[in-house]
Amino acid sequence: MSRLLIRGARIFDATGTDPYAGDVLVEGNRIKRVLQSPAQIPAEGCEVINANGLFLMPGLTEGHGHLSFDNVTSTGDLITPSPEEHTLLTARVAERLLDQGFTSVWGASEAKLKLGVAVRNAINAGQLKGPRVRAGSLEISVTGGMGDESRQHDPRPGGPSHIVDGPEEMRKAVRLACREGCDNIKLDVSGDPFYPNTPAYTTPMTFEEIKMAVDTAHAFGRRVNAHVRSIEGAKRCLQAGVDALFHCEFTDEETLDLFEEAKDRVFVVPTVSLFHTLLYEAEPYMSNDIAKAMQIDKLLEASQDTHNALRKRGIRHTIGGDYGFAWSHNGTNARDIGFFVQYFGYSPTEALVCATANGGAMMTMGTDEKLGLIQEGYLADLLLVKGDPIADPAVVVDAENLKLIMKDGAIHKNIVAAE
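Below is a summary of the structure that appears in this document. (Residues numbered from 1 in each chain as written. Predicted model: local features only at pLDDT ≥ 70, side-chain atom pairs only at ≥ 80, totals over all residues. Heavy atoms only, no water.)

**Brief notes about the overall build of the protein**
Short version of the rule: Each helix corresponds to a stretch of at least 4 residues labelled H or I by DSSP, and each strand to a stretch of at least 2 residues labelled E; elements are numbered beginning at the N terminus. All radius of gyration figures rest on C-alpha atoms, and the globule criterion is 2.2 Å times the number of residues raised to 0.38. Buried, partly exposed and exposed residues are distinguished by accessible area as a fraction of the type maximum, computed with a 1.4 Å probe on protein chains only: under 20%, between the cut-offs, and over 50%, respectively. Contacts are residue-level and defined by heavy atoms, with any inter-residue pair within 4.5 Å sufficient. The protein chains shown are the only cover counted for residues, whose accessible areas, like all others here, come from Shrake-Rupley with a 1.4 Å probe.
For the protein, the helix and strand inventory stands at 12 helices and 18 strands. Taking 2.2 N^0.38 as the reference for a compact globule, 419 residues should give roughly 22 Å; the C-alpha atoms of the protein span a radius of gyration of 21 Å, in line with that estimate. Expressed as a percentage of the 419 residues in the protein, the buried residues total 59%. A separation of at least 24 residues holds for 69% of the contacts in the protein among residues at least 6 apart in sequence. Carbon and sulfur atoms provide 48% of the accessible area of the protein, an area that totals close to 16200 Å².

Below, the structure is given as structure tokens:
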């Protein structure tokens, strides 16, 4: 069994405590020992990495991954590529995320049913480089809901979503996704600003449909995540047992109480980057005037209010900003850490916990596995960073600052010796 000793690091263990000087011993794919007294672990039989004060932290988790999205400007970009071309694109994005320090990706949904499954399987078999992946399904929506691209005069059965109506059709759609190997089932519960006939505050999917999806997926040992912006949508998801809720801009006291009641089992991914980039960085694809006409600024304000309230109630947030669009590229995902500080009132330390410990707990929910902390017995997903992400969260956005990337005890990148 391989043994690797990281000596003299500044260890951020993601428990929320201040970093400390120490050593970490990795044995196989596990963290074997963590000591706050440097140079106390014997080096015999170990590969030794002298960190010399570099910032050691757990690997990052992308909590809203779209591995098959790259430079997307419209749903046509998700539909038109052939499955063969799209698989290669998905593989490239997966490797890019690992290069950026994301050792785990929670797949929200993909543009074709088995894209995440195929790439996940190849990564697990050692045939491709990439993070650990929970493969997302196609989005499942309802007639007239977000993702339904058809019109009566122009049916589009090959769109980016699986359209169902009623609990029995939902049961079959979820069973199909489970049969094909998806880990996560994606539901489009509420509307969206990109769908004028179904705005963000609407809730086309019924409680019965959501509950059927949850019961069916859980029977297969899979998880359910939901696109939900509306108040009623969040309530239905929480009452039905959805595992991860994305967006969640609108709320009221009753909804906040429901979140707090579910805080030990549910994860929330605010996806704030999507709104920030649409408002400030989407030229030439979308002007600021158009973004405001879509009320993106109002949604961002609502998101701030809601997620500040959820933070105060102890809800487990994870980073994940709907990356993969032309104005918010996959690979820049670590910007979410700074956005959590800017918009949601998190300290940099707390935002790093969202990106590591919370993400690791989300990836391993329902299992006995341990991920996301630098503690004995945890999976060895580690980053050595030049700079101080607590002083400046932007440090981790630049891959040049990632001197060591380790996933599952295996070194993906090591340029520490070159320093």
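Text resumes after the structure shown.
**Brief notes about the nonpolar core**
The line we're drawing: Throughout, nonpolar core names a set of buried Ala, Val, Leu, Ile, Met, Phe, Trp, Tyr and Cys residues whose side chains join them through atoms within 4.5 Å.
In this structure, Ile6, Val24, Leu56, Met57, Leu382 and Leu384 are the most contacted members of the largest nonpolar core, which totals 80 residues. Residues within four places of leucine 382 in sequence aside, it is in contact with Ile6, Val24, Val26, Ile31, Leu56, Met57, Pro58, Gly59, Ile374, Leu404, Ile405 and Met406.

**What to know about the sheet that holds strand S9 (residues 136-142)**
Under the convention used in this document: A pair of strands is labelled paired if DSSP reports no fewer than 2 bridges between them. Only the stretch in contact is used when a helix axis is fitted, and all axes are lines through C-alpha atoms; the angle between N-to-C directions ranges over 0 to 180 degrees.
Spatially, 7 strands are ordered S10-S9-S11-S12-S13-S14-S15 in an open sheet, and the strand pairing comes out parallel. Two strands bound the open sheet, and with one partner strand each, they are strand S10 (161-164) and strand S15 (316-317). With 4 bridges joining them, strand S12 (residues 223-228) and strand S13 (residues 244-247) adopt parallel strand pairing. When the bridges of S13 are listed, histidine 227 appears paired with phenylalanine 246. Its contacts with the sheet place helix H6 (residues 231-240) against S12 and S13, and it is angled at close to 170 degrees to S12.

**Quick look at H6**
To keep things clear, this is the line we draw: In the analysis that follows, any N or O atom pair within 3.5 Å is treated as a polar contact, provided that within protein one partner can donate a hydrogen and the other can accept it, and provided that, for residues neighboring in sequence, both atoms belong to side chains.
Counting buried positions along H6 yields 7 of 10 residues, so the element is predominantly enclosed. Of all the residues in H6, the buried ones are Gly233, Ala234, Lys235, Arg236, Cys237, Leu238 and Ala240. Against helix H5 (207-219), S12, S13 and helix H7 (253-261) lie the buried residues of H6. Where H6 begins, the capping side chain belongs to serine 230, and its oxygen is found 3.0 Å from the backbone nitrogen of glycine 233.

**Thoughts on unusual backbone geometry**
A cis amide bond links glutamate 283 with the next residue in sequence, proline 284, at an omega value of 0 degrees. As for its position among the elements, proline 284 is in the loop between helix H8 (272-280) and helix H9 (288-293). Of note, the phi angle at histidine 247 is positive, near 80 degrees, even though the residue is not glycine. Overall, the relative accessible area of 1% leaves histidine 247 in the buried class. Of note, the phi angle at cysteine 248 is positive, near 55 degrees, even though the residue is not glycine. Along the polypeptide, cysteine 248 turns up in the loop between S13 and H7. Among the residues examined, cysteine 248 registers a relative accessible area of 2% and is labelled buried.

**Some words on the environment of glutamate 85**
With respect to the element layout, glutamate 85 can be found in helix H2 (residues 83-99). Sequence spacing of glutamate 85 and glycine 314 is 229 residues, and the spatial spacing of their C-alpha atoms is 42 Å.

**Considering the packing of aromatic side chains**
As a reminder of what qualifies: Aromatic pairing here means that ring centres of Phe, Tyr or Trp (its six-membered ring) are within 6.5 Å. Orientation follows from the plane angle: under 30 degrees is stacked, over 60 is edge-to-face, and everything else is tilted. For a Lys NZ or an Arg CZ to count as sitting over a ring, it must be within 6 Å of the ring centre and within 35 degrees of the ring normal.
With the rule as written, the count across this model stands at 7 aromatic pairs. With a centroid separation of 5.8 Å and an interplanar angle of 20 degrees, the aromatic rings of phenylalanine 12 and phenylalanine 55 are classed as stacked. Within this pair, whereas phenylalanine 12 is found in the loop between strand S1 (3-11) and strand S2 (20-27), its partner phenylalanine 55 is found in strand S5 (residues 55-58), the two being separated by 43 residues in sequence. The burial state of phenylalanine 12 is the same as that of phenylalanine 55; both residues are buried. Aromatic pair phenylalanine 325 and tryptophan 327: ring centres 5.4 Å apart, planes at 10 degrees, arrangement stacked. Taken together, Phe69, Tyr285, Phe325 and Trp327 form an aromatic cluster joined through their ring pairs. Of note, arginine 311 hangs over the ring of tyrosine 346, and the distance from its end group to the ring centre comes to 5.9 Å. Its guanidinium or amino end placed over the ring of phenylalanine 267, arginine 316 lies 3.9 Å from that ring's centre, counting from NZ or CZ.

**Quick look at the packing of H5 against H6**
How two helices sit against one another is set out by the angle between their axes and by the gap between those axes. Put simply, the rule is: Handedness of a helix crossing follows the sense of rotation of the near helix relative to the far helix, less than a right angle counterclockwise being left-handed and clockwise being right-handed.
Their axes nearest at 9 Å, the elements H5 and H6 cross at an angle of 40 degrees. Seen from above, H5 lies across H6 with right-handed handedness. Facing Phe207, Ile210, Lys211 and Val214 of H5, the residues of H6 in contact are Arg236, Cys237, Gln239 and Ala240.

**Some thoughts on the state of the cysteines**
We apply this condition: To count as a disulfide, a pair of cysteine sulfur atoms needs to be within 2.5 Å.
Taken as a whole and judged by the stated rule, the model has 0 disulfides. We note that cysteine 237 lacks a disulfide partner, and the nearest cysteine sulfur, in cysteine 248, lies 7.7 Å from it.

**A look at the pairing of S2**
With 7 of 8 residues buried, S2 lies mostly within the body of the structure. Two strands pair when backbone bridges link them, and S1 and S2 are joined in this way by 7 bridges, in the antiparallel orientation. Counterpart to leucine 5 in the pairing with S2 is leucine 25. Of the strand pairs in this sheet, S2 and strand S3 (residues 30-35) are connected by 5 bridges, and their pairing is antiparallel. Pairing of valine 24 across the sheet is with valine 34, part of S3. Two successive antiparallel strands, S2 and S3, enclose a turn made up of 2 residues, where glycine 28 displays a positive phi of approximately 65 degrees.

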